[in-house]
Amino acid sequence: MGVLEGKVVLVTGGGNGIGKETALLAAREGAKVVVNDLGGSLTGADEGSAGPAETVAQEIRAAGGEAVSNSDSVTDMKAVEGMIEQAKDTFGDLHSIINPAGILRDGMFHKMSEDDWDSVIDVHLRGTFNVTRAAIEMFREKEDGNFVLFTSTSGLIGNIGQANYAAAKMGIVGLSRIVAMEGARKNVRSNVIAPFAWTRMIASIPVKDEAGAERVERMKNGMRADQVAQLAVALCADKAKETSGQIFAVRGNEVVLFDQPRPVKSLARLEGWTPESLLDQALPAMKASFFDMGASASVFPYDPV
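The rules behind the values
Residues numbered from 1 in each chain as written. Predicted model: local features only at pLDDT ≥ 70, side-chain atom pairs only at ≥ 80, totals over all residues. Heavy atoms only, no water. UniProt positions renumbered as here; feature names shortened; annotations may be inferred. Buried < 20%, exposed > 50% of the residue type's maximum accessible area, 1.4 Å probe, protein only. Helix = DSSP H or I, 4+ residues; strand = E, 2+ residues; numbered from the N terminus. Pairing = 2+ DSSP bridges. Axes fitted to C-alpha atoms, helices over the stretch in contact; angles between N-to-C directions. Parallel < 35°, antiparallel > 145°, perpendicular 65-115°, else oblique. Left-handed = near helix turned anticlockwise from the far one by under 90°. Contact = heavy atoms within 4.5 Å. Nonpolar A, V, L, I, M, F, W, Y, C, P; charged D, E, K, R; others polar. Phe/Tyr/Trp six-rings, centres within 6.5 Å; stacked < 30°, edge-to-face > 60°. Lys NZ or Arg CZ within 6 Å of the ring centre and 35° of its normal. Patch = residues over 30% accessible without salt bridge, like charges linked within 9 Å, V, L, I, M, F, W, Y side chains within 5 Å. Areas by Shrake-Rupley, 256 points an atom, 1.4 Å probe, with all protein chains shown as cover. Salt bridge = Lys/Arg side-chain N within 4 Å of Asp/Glu carboxyl O.

As annotated in an unreviewed UniProt entry, the chain is 3-hydroxyacyl-CoA dehydrogenase from Hyphomonas beringensis. Turning to the chain, the UniProt record has this under Sequence similarities (unreviewed entry): "Belongs to the short-chain dehydrogenases/reductases (SDR) family."

Below, the structure written as structure tokens:
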């Protein structure tokens, strides 16, 4: 018997990459799965196709599991509400939503268009709002529900050329934290995962030097989407009922728990601060505790979902 026996799970972005591996694993672990995927391109600029989601659903059914497909967009609240109704109509309930659906429109911020900003925010942040908001009242009413959302170290740590993506992914962290806090008394949980895995998004990374090529090759060979799926599925299980409001990363066979922002240093001045005293005293005193922007990228390199 699998860890999700008797559960119904909605997986967005389930036609490729992490979403696909998560949908397949959830089914192997006993869940009935609604596989959602718009079937669009990496940039989300086309109309999409029902093919990828249905292909994964067929694979689940061929292996003896239960699954249906859905090719609507997470950016449309009515469509997301329809996904939830589809789960209830088909399988009688919904217990978890796993939401790795996403797009990329990378570019330096000083060259970024409004459309590239809006499109990424719409899919990642608005899409995450939609899937959580559409299900939250049902989950609270039955006192049983779980969200597994997806952030990125591009937001947690930083990555040049991804201002839109990073902003959306940090927004998801804040949203998940509040959903977890407000849902605690109603047995509604929410966690986020920052994944490291070879997907079509990673494959789109421009390789500019030998070091970059080596890093990408390591990811391709040692950081797979199915490894991320293990944690995504585990977080939906009843045994994870004490786990909520957390930020995780998965890098190959390594699971990382992230700290969350907290004060690191403070200074007070009885007579209050002026711009001059802040410049002469406060900022110099804090400088040793400043975050090193140059060192950040080496901690967890580029990892779009």
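Visitor: For this particular structure, what's the right way to read the pairing of strand S7 (residues 247-251)?
Guide: As a general feature of sheets, a regular strand has side chains that alternate between the two faces. The buried fraction of S7 amounts to four of the five residues, a majority that puts the element mostly inside the structure. Bridge count for strand S6 (residues 188-196) against S7 is five bridges, and the pairing is parallel. Its bridge partner lying in S7, Ile-193 is registered against Phe-248. Taking the residues that link successive antiparallel strands as the turn, the S7-strand S8 (residues 254-257) hairpin has two residues, and the phi of Gly-252 there is positive, at about 65 degrees.

Visitor: Please clarify how the packing of helix H1 (residues 17-28) against helix H2 (residues 51-62) should be interpreted in this entry.
Guide: How two helices pack is summed up by the angle between their axes together with the distance between the axes. The geometry of H1 relative to H2 is characterised by a closest axis approach of 10 Å and an angle of 25 degrees between their N-to-C directions. Taken together, the axes of H1 and H2 lie roughly parallel to each other. Considering only the axes of H1 and H2, their crossing is right-handed. Here H1 contributes Lys-20, Ala-23, Leu-24 and Ala-27 to the contact with H2, which in turn contributes Val-56, Glu-59 and Ile-60. Across the contact of H1 with H2, the residue classes break down as five nonpolar, no polar and two charged.

Visitor: Would you mind showing me how to read the packing of aromatic side chains here?
Guide: Aromatic ring pairs are reported here in terms of the distance separating the ring centres and the angle at which the planes meet. Counted according to the given criterion, the structure contains two aromatic pairs. Ring geometry for Phe-109 versus Trp-117: centroids 6.4 Å apart, planes at 65 degrees, classification edge-to-face. Classification of Phe-109 by relative accessible area gives exposed; the value is 58%. Given a relative accessible area of 30%, Trp-117 falls into the partly exposed group. Against the face of Phe-196 rests Arg-251, its NZ or CZ located 5.9 Å from the ring centre.

Visitor: Which parts of the structure should I look at to understand a nonpolar patch on the surface?
Guide: Among the surface-exposed residues, Leu-267, Trp-273 and Leu-278 lie close enough to one another that they form a single nonpolar patch of about 230 Å² accessible area. The topology assignment puts Leu-278 in helix H10 (residues 275-286). Relative accessible area serves as the criterion here: at 34%, Leu-278 is assigned to the partly exposed category.

Visitor: Whenever I open this one, the pattern of salt bridges confuses me. Can you help?
Guide: When the charged atoms of two side chains with opposite charge come close together, those side chains can pair. In total, this model carries 13 salt bridges according to the counting rule given. A salt bridge links Asp-226 to Arg-224, with the nearest nitrogen and oxygen atoms 2.8 Å apart. On the accessibility criterion, Asp-226 (23% relative accessible area) is partly exposed. Under the relative-accessibility criterion, Arg-224 is labelled partly exposed at 38%. One continuous salt-bridge network, built from bridges that share partners, spans Asp-93, Lys-142 and Asp-144.

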